[in-house]
Amino acid sequence: MRTKGLLIVVSGPSGAGKGTICKELLNRRDDINISVSATTREPRNGEKHGVNYFFLGRDEFESGIEKDAFLEHATVYNNLYGTPKDYVMEKVNAGEDVLLEIDIQGALQVKERYPEGVFIFILPPSYEELRKRIIGRGSETEESLKTRFSSAYDEIKLVNHYDYFIINDEVDKATDLMVSIIVAERNRVMGNVEEIMRTFKKEEKGC
Ligand code: 5GP
């Protein structure tokens, strides 16, 4: 019945657990597409080109920017990241939902270009918990721990640009909330009136 799919944008500070929730959401639902981003960062162990990211050289990425190939792009921790525009818009225009897990700068750009997106902000239960999670990953250097932790407040301040917030206390509960938001958004009247009226056009006989 829906003409357009949802563009669901998920962000939140590092350590809030947005990656885990998105993974769990995709495990549960096969009717949501994930957008694979492009990045100039080096692949980590086990990461595959085209699956985790499209790993591009800086020149290649910059030529993508010139060609307007990205719906948004941003520098995150000294690397470029961007959302391939064609894939996302083709799916959304074909009535399919697409999930973007991107940083806040990128989310604000998407909001400018596509305000009808659904913007969801993932929060940790507290700063203490955020600190524990970032340290617990064990993958960050002392320097990057500091950067990630000190950006958290600046990022959380931007929550007012989002439509929904989810406190990630337990992954299962947080994912339940995400599903509820998506289901509710799919049934919004706004944006679907034409399609509803096309389906229920006046019959010759009857009502
Ligand atoms: P990581 O390198 O750890 O996979 O990701 C680092 C950060 O980049 C995360 O906050 C992630 O959400 C963000 N990110 C991943 N893909 C994109 C993208 O396409 N655009 C933007 N703006 N941020 C992204």
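Whatever comes next refers back to the structure up there.
The sections below set out a description of the structure shown in this document. Note that the structure is predicted; figures quoted are calculated from it, not measured.

Considering the overall build of the protein
- Scanning the protein from N- to C-terminus turns up eight helices and nine strands.
- Taken over the C-alpha atoms alone, the protein extends approximately 75 × 40 × 30 Å along its principal axes.
- Counting only residues that meet the buried cut, the protein has 43% of its 207 residues in that class.
- For the protein, the share of sequence-separated contacts (at least 6 apart) that also reach a separation of at least 24 residues comes to 69%.
- Of the roughly 12300 Å² of accessible surface on the protein, 51% is carried by carbon and sulfur atoms.
- For the protein, the separation between the mean place of its 29 positive charges and that of its 36 negative charges on side chains is 3 Å.

Topic: the packing of aromatic side chains
- Inspection of the entire model under this criterion finds six aromatic pairs.
- Ring centres 4.5 Å apart and planes at 20° place the aromatic pair Phe61 and Phe70 in the stacked group.
- Here Phe70 falls in the buried class, since its relative accessible area comes to 7%.
- Put simply, the rings of Tyr53, Phe55 and Tyr81 touch in pairs and so form one group of aromatic residues.

Focus on the site of the ligand
- As a matter of local geometry, the ligand sits amid 15 residues, with Ser37, Arg41, Tyr53, Tyr81 and Asp103 nearest to it.
- Measuring from an oxygen atom of the ligand, one finds a side-chain N or O atom of Tyr53 at 2.5 Å.
- Side-chain polar atom of Tyr81 to an oxygen atom of the ligand: 2.4 Å apart, as the coordinates give it.
- Starting from 510 Å² of accessible surface for the ligand in isolation, the protein chains cover 89%.
- Sorting the residues of the shell around the ligand by element identifies β5 (70-76) and β6 (79-84) as the ones contributing at least two each.
- Grouping the amino acids of the shell around the ligand by side-chain chemistry returns five nonpolar, four polar and six charged.

Comments concerning the sheet that holds β6
- With respect to topology, four strands assemble into an open sheet ordered β4-β3-β6-β5, the strand pairing being mixed. Each of the sheet's edge strands pairs with one partner strand only, and the pair in question is β4 (54-55) and β5.
- Relative to β6, β5 runs antiparallel, the two being bridged by six bridges. When the bridges of β6 are listed, Phe70 appears paired with Pro84.
- Across the sheet, helix α2 (residues 58-66) touches β3 (38-39), β5 and β6, and the angle it forms with β6 is around 45°.

Rules behind the numbers
- Residues numbered from 1 in each chain as written.
- Predicted model: local features only at pLDDT ≥ 70, side-chain atom pairs only at ≥ 80, totals over all residues.
- Heavy atoms only, no water.
- Helix = DSSP H or I, 4+ residues; strand = E, 2+ residues; numbered from the N terminus.
- Buried < 20%, exposed > 50% of the residue type's maximum accessible area, 1.4 Å probe, protein only.
- Contact = heavy atoms within 4.5 Å.
- Areas by Shrake-Rupley, 256 points an atom, 1.4 Å probe, with all protein chains shown as cover.
- Lys, Arg positive; Asp, Glu negative; His and termini not counted.
- Charge placed at Lys NZ, Arg CZ, Asp CG, Glu CD.
- Phe/Tyr/Trp six-rings, centres within 6.5 Å; stacked < 30°, edge-to-face > 60°.
- Near = heavy atom within 4 Å.
- Polar contact = N/O pair within 3.5 Å; in protein donor to acceptor, adjacent residues only side chain to side chain.
- Nonpolar A, V, L, I, M, F, W, Y, C, P; charged D, E, K, R; others polar.
- Pairing = 2+ DSSP bridges.
- Axes fitted to C-alpha atoms, helices over the stretch in contact; angles between N-to-C directions.

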